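# Notes for the structure review
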Amino acid sequence: MTAVRNIVILTGAGISAESGLATFRGPDGLWEGHRVEDVCTPEAFARDPALVQAFYDARRAALAGVVPNPAHVALARLDREWPGKLLIVTQNVDDLHERAGATRLLHMHGELCSALCLACDARSRWAGDLGDGPACPACGVAGALRPDIVWFGEMPYGMERIEAALAQADLFVSIGTSGAVYPAAGFVQVAAACGARTLELNLERSAGSDLFDETCIGPAGVLVPGWVDEVLAA
């Protein structure tokens, strides 16, 4: 580990599932009882904005009932103590990394605790409901706020920053991801092509496990704290 200076970490639904949050898509193609196509696309929002707003209002409210788990806490510790470059890229839209204390963090798929204004494109911190058509804090237009979530067909946030970090990484670590959702599923190949060592920490083998130098199987709440201890000790 002595040769490692720059680290990029990708986290997915598996790390938040251990805090009690539902993973994005179940085996039956549903998310919390809804078809993904009905709540996770721009077309769905155009067709039935009330349904989509209610769905994300409920997801936002559910955050109050969960807390960061040992994996989130361990990554926040790594963030505080790692002397080199570090970027935690999360596919998750919850705020558990922040609540654990992580700061070198990028939400590539957006955030539940943020609202996007369709009138002025401003992104504003948001804790309440959006379904009642509140005014945008930035421009004052009412009824123009939508969940600040990257839906299918939309461009993930921060791709230039992510690609730059991957190009400089000595180590790329994927935690709790399915390995099936692009572009995140391709990060391991980008990092490896740039010379990084690659490690997967997952509850089970993912669709991309064969692309990693090493895969460790087990709960994130056990694997991640142990790995962080090892990295910081080295």
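Residues numbered from 1 in each chain as written. Predicted model: local features only at pLDDT ≥ 70, side-chain atom pairs only at ≥ 80, totals over all residues. Heavy atoms only, no water.

### So, the environment of serine 124
- Assignment of secondary structure puts serine 124 in strand 7 (residues 123-125).
- Note: C-alpha distance between serine 124 and proline 137 (13 residues apart in sequence) is 7.0 Å.
- Those residues in contact with serine 124 that sit more than four places away from it in its chain are Cys113, Ser114, Ala115 and Pro137. (Helix = DSSP H or I, 4+ residues; strand = E, 2+ residues; numbered from the N terminus. Contact = heavy atoms within 4.5 Å.)

### Considering the UniProt feature "binding site: Zn(2+)" (unreviewed entry) in the protein
- Here the UniProt feature "binding site: Zn(2+)" (unreviewed entry) sits at Cys117, Cys120, Cys136 and Cys139. Taken together, the annotated residues stretch across 23 residues yet fold into one region, lying no more than 8.7 Å apart by C-alpha.
- With respect to the secondary-structure elements, cysteine 136 resides in the loop between strand 7 and strand 8 (145-149).
- Those residues within four positions of cysteine 136 in sequence are excluded, and the remaining contacts are Cys117, Cys120, Val141 and Leu145.
- Residues contacting cysteine 139, with those up to four places away along its chain left out, are Cys117, Ala119 and Cys120. (UniProt positions renumbered as here; feature names shortened; annotations may be inferred.)

### Thoughts on the pairing of strand 6 (residues 110-117)
- Where burial is concerned, most of strand 6 is hidden: 8 out of the 8 residues are buried.
- Two elements, strand 6 and strand 8, share 5 bridges in a ladder whose sense is antiparallel. Across the sheet, cysteine 117 pairs through a bridge with leucine 145, a residue of strand 8.
- Two strands pair when backbone bridges link them, and strand 6 and strand 7 are joined in this way by 3 bridges, in the antiparallel orientation. From the neighbouring strand, leucine 116 faces strand 7, where its bridge partner is arginine 123.
- Linking two consecutive strands that pair antiparallel, namely strand 6 and strand 7, is a turn of 5 residues; a positive phi of about 70° is found at aspartate 121 within it. (Buried < 20%, exposed > 50% of the residue type's maximum accessible area, 1.4 Å probe, protein only. Pairing = 2+ DSSP bridges.)

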